[in-house]
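Structural overview for review
Take a look at the letters that make up each chain.
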Amino acid sequence: MIYSDKVMEHFQNPRNVGVIEDADGVGKVGNPVCGDMMSFSIKVKDNRIEDVKFQTFGCGAAIAVSSMVSEMAMGKTLEDALKITNKSVAEELGGLPKNKLHCSNLGADALHKAIENYKEKQKAEVEKKEAIVKSADKEKCYCPYCEGPLEGLEDSCKQCEIELEECSECGESVKKGEEKCLHCGATKVRV
Amino acid sequence: MRRVYLDRIAATPLHPQVLEAMLPYLKENFGNPQSLHSVGQEALNAVEEARENVAHLINCEPSEILFTSSGSESNNFALKGLALAHQKRGTHIILSAVEHQSVLHSAKSLEKLGFKVSHVPVDKWGMVDPEEVERAFSDETILVSVMLANNEVGTIEPIGEIARICRARDVLFHTDAVAAVGNIPVDVKELGVDALSLAGSQFYGPQGSAALFVKKGVRILPFIDGGIQESGRRAGTENVSGIVGLGKAVEIAKKEMEKRNEKVKPLRDKLAKLLPQKVEHVFLTGHPEKRLPHHASFCIEFVEGEAMLLNLDMQGISVSSGSACTSRALKASHVLLAMGIDHALAQGSLVFSLIEETTSEDIDYFLEVFPPIIERLRKMSPLYTQYLEEKGK
């Protein structure tokens with residue numbers, strides 16, 4: 001099996017699946033072009049995450065990561081929840097195959113977005129709905145070098161004009177001729 | 001737990017008679033076929049007998065069969081060997097958009113050497129239109145490669161017609177027939193191809209046993225230099241037991257093919273009919289009729305392939321999501337995308353390929369186990385929630 005026991009356990013029995021109807025914050029990341037999509041909704045009370053739920057379209061790792069992130073975030077203060085990183089999630093799961101590490105990025109990102117969304121809402125009640133819609137719609141893959149938006153399949157980044165190719169290990173975009181993949185750390189990028 | 005294996009395109013079980021035929025060549029008959037002594041000659045005889053069997057199956061001369069280590073090697077050999085041997089005549093190659101990675105990436109390597117590659121589109125069934133191939137020709141075209149049957153969606157391509165077009169223009173034609181040979185009748189003379197790849201592990205032969213047919217008189221560069229094996233075109237001590245196994249598998253396939261298909265096709269049809277009835281938002285991929293008799297492939301909307309695959313595996317069911325060669329990549333299948341299926345749907349690909357041992361009860365078991373898995377995964381899916389919300393509006 002390519003996954004650790006912990007990953008399989010969370011995949012089989014994911015915690016906190018669902019959507020909080022009257023959520024205080026919502027975060028969505030990824031899209032089907034990249035392979036995974038996650039959405040987190042949180043309920044906040046006295047600066048603590050009182051409840052968290054997620055939905056995930058994706059592989060076994062993506063589901064396990066979302067479940068783990070939700071478990072780690074539950075009951076934490078917003079500051080502590082923002083300290084949950086892709087690294088700490090992967091560690092808690094007993095490691096992830098390197099071509100699946102990007103799933104852990106998505107999990108932490110989705111939670112952080114939900115928290116940001118909550119903070120924005122606090123700041124500007126009026127703009128809240130637009131913000132959710134915008135942040136969800138704008139979600140794309142990003143160029144690993146300039147953070148410019150990518151559709152996911154193009155040969156070069158429109159923003160920084162770097163030539164891109166597919167990493168043979170994780171399938172993410174990396175600079176043509178790059179020795180080491182920025183996403184999964186594979187040293188042999190070319191097929 | 002009940003074990004149900006529905007992943008023939010990845011590997012078939014070894015036929016007991018094939019194993020029996022191989023065993024002496026892993027034990028007492030260990031000779032090197034190139035040795036002049038009798039131990040070596042015994043091995044040589046076995047290799048040549050296997051070559052005759054393979055030639056007999058696809059209707060060619062034994063001298064037109066070169067043994068290789070895998071279908072991927074055969075495809076690399078054909079593309080690179082033919083292109084490089086004929087580059088003085090031109091540097092343009094035509095492929096279909098749904099070829100196996102070993103064909104696509106061989107062509108990519110050739111592009112780095114200065115070749116130009118065109119990819120011919122397919123229709124919604126994954127079918128290549130021979131007229132599109134004709135339109136892709138240029139004065140520089142030297143080689144066309146289109147697969148006989150697609151491993152991911154099962155569609156059988158109009159190879160005979162494409163071969164005719166190539167012949168009329170004096171252009172070489174190779175077909176990757178790995179998913180087809182041993183499973184459906186394949187006759188190289190009838191098809192009119194110049195080169196064809198096949199592999200034993202697709203029809204109860206051993207892994208690591210494969211071959212490339214190259215028509216007599218067609219020039220091809222050696223794939224491995226340094227020896228006289230395989231008429232000097234593929235050096236290296238022969239995988240004698242593997243070749244013997246391939247020869248035996250071929251012999252059995254020739255006799256049993258029809259019977260096997262008569263058994264497996266109704267079960268495949270049952271699966272293709274009942275699955276979309278049992279689960280909503282399920283679509284058959286590939287051509288509904290012109291497809292491999294043991295093959296059924298689907299896209300299951302709102303869920304992702306690996307999550308389905310792992311859940312099924314926990315219930316003892318082995319299936320695949322796309323090609324085994326790309327199952328660890330994260331991107332959607334190039335085959336499904338070429339057929340015009342959108343990314344989200346293409347991520348939910350599930351491929352069933354039945355084996356001789358598959359029973360009607362196996363299909364029933366799958367149909368019983370699958371709906372709750374999908375229900376659970378859809379509950380988890382933001383895409384499904386979004387769909388329900390939009391439907392409710």
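Residues numbered from 1 in each chain as written. Chains lettered and ligands numbered in written order. Predicted model: local features only at pLDDT ≥ 70, side-chain atom pairs only at ≥ 80, totals over all residues. Heavy atoms only, no water.

Considerations on the sheet that holds strand E2 (residues 36-45) of chain A
Under the convention used in this document: Pairing between two strands requires that DSSP report at least two bridges joining them. Runs of E in the DSSP output that reach at least two residues are strands. Runs of H or I that reach at least four are helices, and both are numbered from the N terminus. Lines fitted to C-alpha atoms define the axes, with helix axes restricted to the stretch in contact, and inter-axis angles between N-to-C directions lie between 0 and 180 degrees. Two residues form a contact once any of their heavy atoms are found within 4.5 Å.
Pairing within the open sheet is antiparallel, and its three strands lie in the order E1-E2-E3 (chain A). Edge positions in the open sheet fall to strand E1 (25-31) and strand E3 (48-57) of chain A, since each of these has one partner strand only. The average undirected angle you get between the axes of adjacent strands in this sheet is 15°. Where helix H13 (residues 382-392) of chain B meets the sheet, its contacts fall on E2 and E3 of chain A, and the angle it forms with E3 of chain A comes to roughly 90°.

As for helix H8 (residues 240-278) of chain B
Threshold: In this scheme, a helix's expected span is set at 1.5 Å multiplied by one less than its residue total. What we call the bend at a residue is the angle made by axes fitted to the seven residues finishing there and the seven residues starting there.
Compared with the 57 Å implied by 1.5 Å per residue over 39 residues, the 48 Å span of H8 of chain B between its first and last C-alpha is markedly short. The sharpest bend along H8 of chain B measures roughly 60° and falls at Glu 256 of chain B.

Some thoughts on a nonpolar patch on the surface
What counts is decided by this rule: Surface patches are drawn from residues lacking salt bridges whose relative accessible area is over 30%; two like charges belong together within 9 Å, two nonpolar side chains (Val, Leu, Ile, Met, Phe, Trp, Tyr) within 5 Å. Surface accessibility follows the Shrake-Rupley procedure with a 1.4 Å probe radius. Residue values consider only the protein chains on display as shielding. The salt bridge definition used is simple: a Lys or Arg side-chain nitrogen within 4 Å of an Asp or Glu carboxyl oxygen.
A cluster of nonpolar side chains, Leu 14, Leu 19, Leu 23 and Leu 26 of chain B, forms an exposed patch at the surface whose accessible area comes to about 330 Å². Along the chain, the position of Leu 19 of chain B falls in helix H1 (residues 16-26).

Focus: the confidence of the model for chain B
The predicted coordinates of low-pLDDT regions are not to be read in fine detail. Our working definition: Looking at any residue, its pLDDT shows the predictor's confidence there, from 0 to 100.
The predicted model of chain B has a mean per-residue pLDDT of 95, with 98% of residues at 70 or higher. Interface confidence in the predicted complex, given as ipTM, is 0.84; pTM for the same model is 0.86.

A word on a negative patch on the surface
Applied cut-off: We score Asp and Glu as negative and Lys and Arg as positive, and we do not count His or the chain ends. To locate a charge, the coordinates of NZ of Lys, CZ of Arg, CG of Asp or CD of Glu are taken.
Negative charge collects at one region of the surface, where Asp 123, Asp 129, Glu 131, Glu 134 and Glu 161 of chain B lie side by side. Turning to its location among the elements, Glu 134 of chain B is positioned in helix H5 (residues 130-136).

Considerations on the packing of helix H1 (residues 5-12) of chain A against helix H2 (residues 60-73) of chain A
All names here are of chain A. The cut-off we apply is this: Convention used here: angles under 35 degrees read as roughly parallel, angles over 145 as roughly antiparallel, angles from 65 to 115 as roughly perpendicular, and any remaining angle as oblique. Three classes are used, and their members are as follows: Ala, Val, Leu, Ile, Met, Phe, Trp, Tyr, Cys and Pro are nonpolar, Asp, Glu, Lys and Arg are charged, and the others, Gly among them, are polar.
Packing of H1 against H2 brings their axes to within 8 Å, and their N-to-C directions diverge by 85°. Regarding the angle of H1 to H2, the classification is roughly perpendicular. The residues of H2 that touch H1, namely those facing Lys 6, Val 7, His 10 and Phe 11, are Gly 60, Ile 63, Ala 64, Ser 67, Met 68 and Glu 71. In terms of residue class, the contact of H1 with H2 is made up of five nonpolar, three polar and two charged.

Concerning the pairing of strand E2 (residues 65-68) of chain B
Residues and elements named next belong to chain B. This is how it is decided: Note on classification: 1.4 Å probe, protein chains only; a residue is buried when its accessible area is under 20% of the maximum for its type, exposed when over 50%, partly exposed between these limits.
Residues Ile 65 and Phe 67 line one face of E2 and the alternating positions Leu 66 and Thr 68 line the opposite face, and both faces are buried. Across four bridges, the pairing between E2 and strand E8 (residues 210-214) is antiparallel. Residue pairing across strands places Thr 68 opposite Ala 210, the latter belonging to E8.

Describing the pattern of salt bridges
Between side chains of opposite charge, pairing is possible as soon as their charged atoms come close. Using the criterion set out here, one finds 19 salt bridges over all chains in the structure. The salt bridge involving Glu 71 of chain A is made with Arg 15 of chain A; its shortest N-O contact spans 2.9 Å. Of this pair, Glu 71 of chain A sits in helix H2 while Arg 15 of chain A sits in the loop between H1 and E1, and the two are 56 residues apart along the sequence. Judged by relative accessible area, Glu 71 of chain A falls into the partly exposed class, the value being 37%. The class of Arg 15 of chain A is partly exposed, set by a relative accessible area of 23%. Arg 2 of chain B is paired through a salt bridge with Asp 362 of chain B; the nearest N and O atoms lie 2.9 Å apart. Of the two residues, Arg 2 of chain B is situated in the segment before strand E1 (4-5) and Asp 362 of chain B in helix H12 (residues 360-379); the sequence distance between them amounts to 360 residues. When its relative accessible area of 37% is taken as the criterion, Arg 2 of chain B is described as partly exposed. Each of Glu 9, Arg 15 and Glu 71 of chain A takes part in salt bridges that share partners, so that together they form one network.

A short note on the interface of chain A and chain B
The line we're drawing: Note on terms: buried area is the combined drop in 1.4 Å-probe accessible area of two parts once they are placed together, counting the loss on both. Two N or O atoms count as a polar contact when they lie within 3.5 Å, although within protein this holds only if one can serve as hydrogen donor and the other as acceptor, and sequence-adjacent residues are included solely when both atoms are side-chain atoms.
Across the contact, 35 residues belong to chain A and 26 residues belong to chain B. The junction of chain A with chain B conceals about 2,500 Å² of combined surface from both sides, 65% of it contributed by carbon and sulfur atoms. When the buried area of chain A at its contact with chain B is split by residue, Phe 11, Gln 55 and Phe 57 of chain A rank highest and sum to 23% of it. Between Lys 100 of chain A and Glu 306 of chain B there is a salt bridge, with the nearest N and O atoms lying 2.7 Å from each other. At the junction of chain A and chain B, the tally comes to eight residue pairs in polar contact (both at pLDDT 80 or more). When residues of the side of chain A that touches chain B are traced back to their parent elements, those giving at least two are H1, E2, E3 and H2 of chain A. Counting residues per element, the side of chain A that touches chain B draws most heavily on E3 of chain A, which supplies four residues. Residue composition of the side of chain A that touches chain B, grouped by class: 20 nonpolar, 11 polar and four charged.

Observations regarding the nonpolar core
For the record, the criterion: Side-chain atoms within 4.5 Å are what join buried Ala, Val, Leu, Ile, Met, Phe, Trp, Tyr and Cys residues into a set we call a nonpolar core.
Ile 58, Val 144 and Leu 196 of chain B are the most contacted members of the largest nonpolar core, which has 68 residues in total. Other than its neighbours up to four places away in sequence, Leu 196 of chain B contacts Ile 58, His 174, Thr 175, Ala 177, Val 181, Val 186, Val 188, Ala 211, Leu 212 and Phe 213 of chain B. In this structure, Phe 54 and Leu 93 of chain A together with Leu 271 and Val 282 of chain B belong to the second largest nonpolar core, which totals 67 residues.

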